[in-house]
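# Secondary and tertiary structure notes
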Amino acid sequence: MKRVDDFRLRFGKQELVPIVIGGMGVDISTAELALEAARLGGIGHISDAMVQTVSDTRFDTNFVSQKLKKYKANVASSDKSSVHFNLAELEEATRNHVGRAMEAKHGDGMIFINCMEKLTMNAPRETLRMRLSAALDAGIDGITLSAGLHLGSFALIEDHPRFRDAKLGIIVSSPRALAMFLRKNARLQRLPDYIVVEGPLAGGHLGFGLDWAQYDLATIMSEVLAFLKTEHLDIPLIAAGGIFTGSDATVFLEQGAAAVQVATRFTVTRECGLPDKVKQEYFRASEDDIEVNTISPTGYPMRMLKGSPGIGAGIRPNCEAYGYLLDANGRCAYIDAYNSQVELHPGAKKVSVKDKTCLCTHMRNFDIWTCGQTTWRLKDTTRRAPDGSYQVLSAEQVFHDYQFSVDQKIALPA
């Protein structure tokens, strides 16, 4: 019976264990988690979501407070069009985050960065170009383009000296999305080095509507494989979303996937950036505690735990400090939702905003508990202490369990 370790992900002459840890934003996928994946011979992601906040926390910079100070007079205004990021500071923050991780890397694996197109930052092209270029400058092994079609993202860095050197990949949930990307970028004569095919059971933002349950990863994978065969393209596919055991992973590898991307089981590891009390919420979750809702201002459905403190919270928009979801015109769906509730409840000291959330502030505070559909199974991967808490795992143990397990077995910690 085969196991994940019987397969290898190949980039040219380089061979890796075909396990990729997904990029969970705002330092949930920490550098420490990515470094463990690389040390063990696989691929780990860090994320550039709210990278200036991450830099402030980890490297004692003060980008957030400087931005807030500059635009403080605008806090009470609904017009955020004047609130812009300092591109030099954005570059420095990205170099801090990526550069320090790459300096610490050991082992035969790789470190990629997850880059969300939906972080529009009131200047979509300019800020995205800077994020991508700075990551390449800092030596990142690869970039995974997520949360959007990224039809123009390759073009933003086509003149970068590492454009054809670093590994560049995209996340799609259908052959149609892949076809659009390839058609748009044909003139660059630069194919993606890998394609993450994400199914409907993934955590966080989804590439599906609220009808997500009508789709399944196996079918989408077979459709994308057939499309690549028709187009005579040989691009490694990485299956993602709902792959909970090594046996689950092996099924996709046997059917043509080059690797699998997994994240849910790594949320409850010591190296993950979630606070310990939130990790316990993940362990305790039942299947009924998981929902897909539309409260994200990005416009994408999002999977999370129903008990997330950020759901229904009515905090004032904090775009002067953060503002990562401001569109090209300085607007965010949460600002509109918040202002609507303020108008409906004049004089109220506090309002509740049900239909959207201030994703920047709540992700920064770990108050939106994004999760995969299989999160309710996490309690079966560990041991429970007499006080009712669950033992937090090591990334190495989870990685090795994926790598070597068979027969749907999960190795419990010692």
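Here we summarise the structure given alongside this text.

Here is what the cut-offs are and how they apply
Residues numbered from 1 in each chain as written. Predicted model: local features only at pLDDT ≥ 70, side-chain atom pairs only at ≥ 80, totals over all residues. Heavy atoms only, no water. Helix = DSSP H or I, 4+ residues; strand = E, 2+ residues; numbered from the N terminus. Rg over C-alpha atoms; globule rule 2.2 N^0.38 Å. Buried < 20%, exposed > 50% of the residue type's maximum accessible area, 1.4 Å probe, protein only. Areas by Shrake-Rupley, 256 points an atom, 1.4 Å probe, with all protein chains shown as cover. Lys, Arg positive; Asp, Glu negative; His and termini not counted. Charge placed at Lys NZ, Arg CZ, Asp CG, Glu CD. Salt bridge = Lys/Arg side-chain N within 4 Å of Asp/Glu carboxyl O. Contact = heavy atoms within 4.5 Å. Polar contact = N/O pair within 3.5 Å; in protein donor to acceptor, adjacent residues only side chain to side chain. Pairing = 2+ DSSP bridges. Phe/Tyr/Trp six-rings, centres within 6.5 Å; stacked < 30°, edge-to-face > 60°. Right-handed = clockwise from strand over helix to strand, strands pointing away.

### A word on the overall build of the protein
Counting its regular elements, the protein contains 13 helices and 13 strands. Scaling as 2.2 N^0.38, a compact globule of 414 residues should have a C-alpha radius of gyration of about 22 Å, and the protein matches this with 21 Å. For the protein, the spread of C-alpha atoms along the three principal axes comes to 65 × 60 × 40 Å. Burial statistics for the protein: of 414 residues in total, 59% are counted as buried. Put simply, the protein shows about 17,500 Å² of open surface, and 49% of that area lies on carbon and sulfur atoms. Once the 47 positive and 49 negative side-chain charges of the protein are each reduced to a mean point, those two points are 2 Å apart.

### What to know about the pattern of salt bridges
Across all of its chains, the model carries 18 salt bridges by this definition. With a shortest N-O distance of 3.3 Å, E91 and R95 are connected by a salt bridge. With E91 and R95 both in helix 4 (residues 87-104), this residue pair falls four residues apart, about one helical turn. In this structure E91 comes out as partly exposed when scored by relative accessible area, which is 23%. Take R95: its relative accessible area is 37%, and that puts it in the partly exposed class.

### Things to note about the environment of N185
Note that N185 resides in the loop between helix 7 (175-184) and strand 8 (194-198). Expressed as a C-alpha distance, the spacing of N185 and F154, which sit 31 residues apart in the sequence, is 7.2 Å. Those residues in contact with N185 that sit more than four places away from it in its chain are L151, F154 and A155. Separated by 2.8 Å, the side chain of N185 and the backbone oxygen of F181 make a polar contact.

### Quick word on the sheet that holds strand 13 (residues 302-305)
One open sheet holds the three strands; their spatial order is 9-13-12, and the pairing between them is antiparallel. Among the strands making up the open sheet, the edge pair consists of strand 9 (204-205) and strand 12 (290-293). As defined by bridge partners, strand 9 adjoins strand 13 across two bridges and the pair is classed as antiparallel. Across the sheet, H205 pairs through a bridge with M302, a residue of strand 13.

### Things to note about the packing of aromatic side chains
Tallying each qualifying case throughout the model produces nine aromatic pairs. Ring centres of F266 and Y402 lie 6.3 Å apart, and the angle between their planes is 15°; this geometry places the pair in the stacked category. Residue F266 is located in the loop between strand 11 (259-262) and helix 10 (276-284), and its partner Y402 is located in helix 13 (residues 395-404); the two are separated by 136 residues in the primary sequence. Exposure remark for F266: the relative accessible area of 0% places this residue in the buried category. Considering the side-chain rings of F283 and Y390, the 5.3 Å spacing of their centres and the 25° angle between planes classify their relative orientation as stacked.

### Describing the pairing of strand 7 (residues 167-172)
Taken across its six residues, strand 7 has six buried, putting it largely inside the fold. In this sheet, strand 7 lies alongside strand 6 (residues 142-146) in parallel orientation, the contact comprising four bridges. Each bridged residue has a counterpart across the sheet, and for T144 the counterpart in strand 7 is G169. Summarising the sheet, strand 7 and strand 8 pair through four bridges and their orientation is parallel. Residue pairing in the sheet places V172 in a bridge with V197 of strand 8. In the classification by handedness, the crossover that spans strand 7, the intervening helix 7 and the parallel strand 8 is right-handed.

Shape is all these values report; function is a separate question.
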